[in-house]
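Chains, contacts and geometry: an overview
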Amino acid sequence: MADLVPQAVERFEDYTWVDGELVCGMVLGYNFGDGHLHDEEFLHAVQQECGFEDGELRVIMVEAQPFGRHTVSYRIHDAARGKLAEGELDVPALRERQPWESSAAPALSRV
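Residues numbered from 1 in each chain as written. Predicted model: local features only at pLDDT ≥ 70, side-chain atom pairs only at ≥ 80, totals over all residues. Heavy atoms only, no water.

This part takes up the side chain of Asp78. By the element assignment, Asp78 lies in strand E2 (residues 71-78). Judged by its relative accessible area of 1%, Asp78 is buried. A distance of 2.5 Å separates the side chain of Asp78 from the side chain of Arg58, its partner in a polar contact. In terms of polar contacts, Asp78 uses its side chain to reach the backbone amide nitrogen of Arg81, at 2.9 Å. Look past the residues within four positions of Asp78 in its chain and what remains in contact with it is Glu53, Asp54, Gly55, Glu56, Leu57, Arg58 and Leu84. (Helix = DSSP H or I, 4+ residues; strand = E, 2+ residues; numbered from the N terminus. Buried < 20%, exposed > 50% of the residue type's maximum accessible area, 1.4 Å probe, protein only. Polar contact = N/O pair within 3.5 Å; in protein donor to acceptor, adjacent residues only side chain to side chain. Contact = heavy atoms within 4.5 Å.)

Turning our eyes to something else, we now look at the packing of aromatic side chains. Here the structure, examined in full by the defined rule, presents 1 aromatic pair. Between the aromatic rings of Phe12 and Trp17, the centroid separation amounts to 6.2 Å while the plane-to-plane angle is 50°, which identifies the pairing as tilted. (Phe/Tyr/Trp six-rings, centres within 6.5 Å; stacked < 30°, edge-to-face > 60°.)

What follows deals with the pairing of E2. With 7 of its 8 residues buried, E2 lies for the most part within the structure. Alignment of strand E1 (residues 58-62) against E2, held across 5 bridges, turns out to be antiparallel. Bridge pairing in E2 links Met61 to Arg75. Bridging between E2 and strand E3 (residues 82-90) involves 8 bridges; their strand directions are antiparallel. For Ile76, the partnering residue across the bridge sits in E3 and is Ala85. In this structure, the hairpin formed by E2 and E3 is closed by a connection of 3 residues. (Pairing = 2+ DSSP bridges.)

As a further point, take a nonpolar patch on the surface. A surface patch of nonpolar side chains, amounting to about 560 Å² of accessible area, comprises Val18, Leu22, Met26, Val27, Leu28 and Tyr30. With respect to the helices and strands, the residue Leu28 is situated in helix H2 (residues 20-28). Judged by its relative accessible area of 36%, Leu28 falls in the partly exposed class. (Patch = residues over 30% accessible without salt bridge, like charges linked within 9 Å, V, L, I, M, F, W, Y side chains within 5 Å. Areas by Shrake-Rupley, 256 points an atom, 1.4 Å probe, with all protein chains shown as cover. Salt bridge = Lys/Arg side-chain N within 4 Å of Asp/Glu carboxyl O.)

Okay, the confidence of the model for the protein next. The predicted model of the protein has a mean per-residue pLDDT of 82, with 82% of residues at 70 or higher. Summarising per-element confidence for the protein, the mean pLDDT is lowest in H2 (78) and highest in E3 (95). Every residue in residues 104-111 is under pLDDT 50, and counting partners more than four places away or in other chains gives 2 contacts. (pLDDT = per-residue confidence, 0-100.)

This part is about the environment of Asp78. As a C-alpha pair, Asp78 and Arg58 span 20 residues in sequence and 4.5 Å in three-dimensional space. For Asp78, the side chain forms a polar contact with the main-chain nitrogen of Ala80, separated by 2.9 Å.

Listed below in structure tokens is the structure:
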């Protein structure tokens, strides 16, 4: 996912990162954990109600890994402008990544 953020926005610092499930809960008023509700149709409905300007709301959609494939598909959308990018990510390469540099990982101790 970190590789996709620079494709979605120029400066990450200018945005607030919010998980799609949380956005869905805020818009619908409840949350039932259905990740597939967060698609282009839902984004279009949100845009109709909120009228975001270009660059104000960007969405990164990553699909589940299909059985037998070593890639996952992604799409990046701007609520006002539409699709900005799409492609595939290599799952084995994603498995090798860590959420932070290993030297920056907090030290753990047993109690």
